[in-house]
Amino acid sequence: MTKYYTRACNFYYGENAKLLINKKLALPLCGNKYIAFDKLEIITRKNYKVLSKTIYFKKINRLKSSCKKKVKQDLKKIILKRKNFLKNVNFLKPSIMGILNLTPDSFSDGGKYNNQNKAKIHISKMIKSGANIIDVGGESTRPGSKTVLADMEWKRVKNVIKNFKKKHHKVCLSIDTRKSEIMIKSIKEGTDLINDVSGFNYDKQSLLRLKKFNVSKVLHHMQGTPNTMQRNPKYRNVLLDIYDFFEKGIKKIHNKKIIIDPGIGFGKNLKHNLTLISKISLFHSLGFPILIGTSRKRFISQISGLNDSTERIGGTIASVLFLLSQGVQIFRVHNVNEVKQGISVFRKILTKLKN
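All chains use their own residue numbering, which begins from 1 and follows the written sequence. Under the rules for a predicted model, residues below a pLDDT of 70 receive no local features and side-chain atom pairs below 80 are neither given nor counted, while totals for whole chains, interfaces and linings still include all residues. Heavy atoms throughout the structure, all of them, feed into the side-chain values; hydrogens and water do not.

Participant: For this particular structure, what's the right way to read the overall build of the protein chain?
Facilitator: Helix and strand assignments come from DSSP, with helices taken as H or I runs of at least 4 residues and strands as E runs of at least 2, each series counted from the N terminus. Of the regular secondary structure elements, the protein chain holds 11 helices and 12 strands. Buried residues are those whose accessible area, probed at 1.4 Å on protein chains only, stays under 20% of the maximum for their type, while exposed residues exceed 50% and partly exposed ones sit between those limits. With 355 residues in all, the protein chain has 56% of them scored as buried. The contact criterion used is simple: two residues touch if any of their non-hydrogen atoms lie within 4.5 Å. By sequence separation, contacts in the protein chain at least 24 residues apart represent 67% of the contacts at least 6 residues apart. For the charge count, each Lys or Arg is scored as positive and each Asp or Glu as negative, with His and the chain ends excluded. To locate a charge, take NZ of a lysine, CZ of an arginine, CG of an aspartate or CD of a glutamate. Taking the average location of the 71 positive side-chain charges in the protein chain and that of its 23 negative ones, the two points are 8 Å from each other.

Structure follows, in structure tokens:
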């Protein structure tokens, strides 16, 4: 079986992008007139063989018929403006998802905020610094972590979830959980987004139980479980395998309020992570917003070596800015203020946009 994939590439920014789009010399990425592209990487996979070529977007009609049909379908999704289905989130602008781990054992901030008062202060600080989504988690999914019982997980997050909308009713609230029981309890308290790192595969009842709620979902990729995912992860082709995973997963979600996340560090080695980051624009052809979490991840340490640091702010911001240049819409981070500062300066230099 032969399968085709389409990746937008060769980007332009700001007024230059707008000018090229108006002259019909480039196309808008995800409906954003300030990010344009004029080339497509066409990837062909047949069994174990993968081929790639890059073409100017106006030369699609020169492709053979089966390939041309798929590329044209993909191109429609690539240029389509994303629907703003999340509270106070505009997918034409970068959004920051601030991380709130209410756990004793998360990989970088375990125990720092699993106290009601500290959690409240940190939420307010992240929102003031520019986070328009807060992602609350009560179970660590760091490599090697063990599963937490639902009762314990809910006990950790309950007070924050129950009180969040009383003070921050305009801010998008996300629950980071693999369990349908926690998802439903959170939705009933006003949660806007379900972020399940298992891609709704851990709890087989999740998607069925969520059908009655018109809630948005993050479709996240993970190979294995948190306890096993970093034990020699393997793929035939990491980029295309994860694309195929998303295609199948999207079909199972009824309301199509979907954000996709390839899961950097979740069952991936350094080469896998770098491939996904460098080729991230492939996933625009699925037609949904993209969320990426590179914050403080191990791949930064693997690259930086002696220059590693506890919070890995430099590596986090470097990866965020590259992903921003590729049209990624949402960034899940710990250091909200520093990332917001980096994004603001980068966008001003790159696009000369008004803040």
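Participant: What exactly am I supposed to notice about the pairing of strand S9 (residues 216–220) here?
Facilitator: Consecutive residues of a regular strand have side chains that alternate between opposite faces of the sheet. Here S9 lies mainly inside the structure; five of its five residues are buried. Side chains Ser216, Val218 and His220 of S9 all project onto a buried face; the interleaved residues Lys217 and Leu219 project onto the opposite face, where all are buried too. Summarising the sheet, strand S8 (residues 193–196) and S9 pair through four bridges and their orientation is parallel. Of the residues in S9, the one forming a bridge with Asp196 is Leu219. When the strands point away from the viewer, a crossover counts as right-handed if the route from the first strand across the helix to the second turns clockwise. The parallel pair S9 and strand S10 (residues 258–261) is bridged by helix H7 (residues 238–252), and the resulting crossover is right-handed. Strands are labelled as partners when DSSP assigns at least two bridges between them.

Participant: Help me out: how do you make sense of the packing of H7 against helix H8 (residues 270–278) in this one?
Facilitator: How two helices pack is summed up by the angle between their axes together with the distance between the axes. Only the contacting stretch of a helix is used when fitting its axis, a line to C-alpha atoms as for every element, and angles between N-to-C directions run 0 to 180 degrees. Close contact between H7 and H8 brings their axes to 9 Å; oriented N to C, the two are set at 70°. As judged from the angle between their axes, H7 and H8 are roughly perpendicular. Judged by residue contacts, Val238, Leu239 and Ile242 of H7 engage His272, Thr275 and Leu276 from H8. When its residues are assigned to classes, the contact of H7 with H8 shows four nonpolar, two polar and no charged. Roughly parallel means an angle under 35 degrees; roughly antiparallel means over 145; roughly perpendicular covers 65 to 115; every other angle is labelled oblique. Following the grouping adopted for this structure description, the nonpolar residues are Ala, Val, Leu, Ile, Met, Phe, Trp, Tyr, Cys and Pro, the charged ones are Asp, Glu, Lys and Arg, and the polar ones are all others, Gly among them.

Read these as layout, nothing more, since geometry by itself doesn't imply function.
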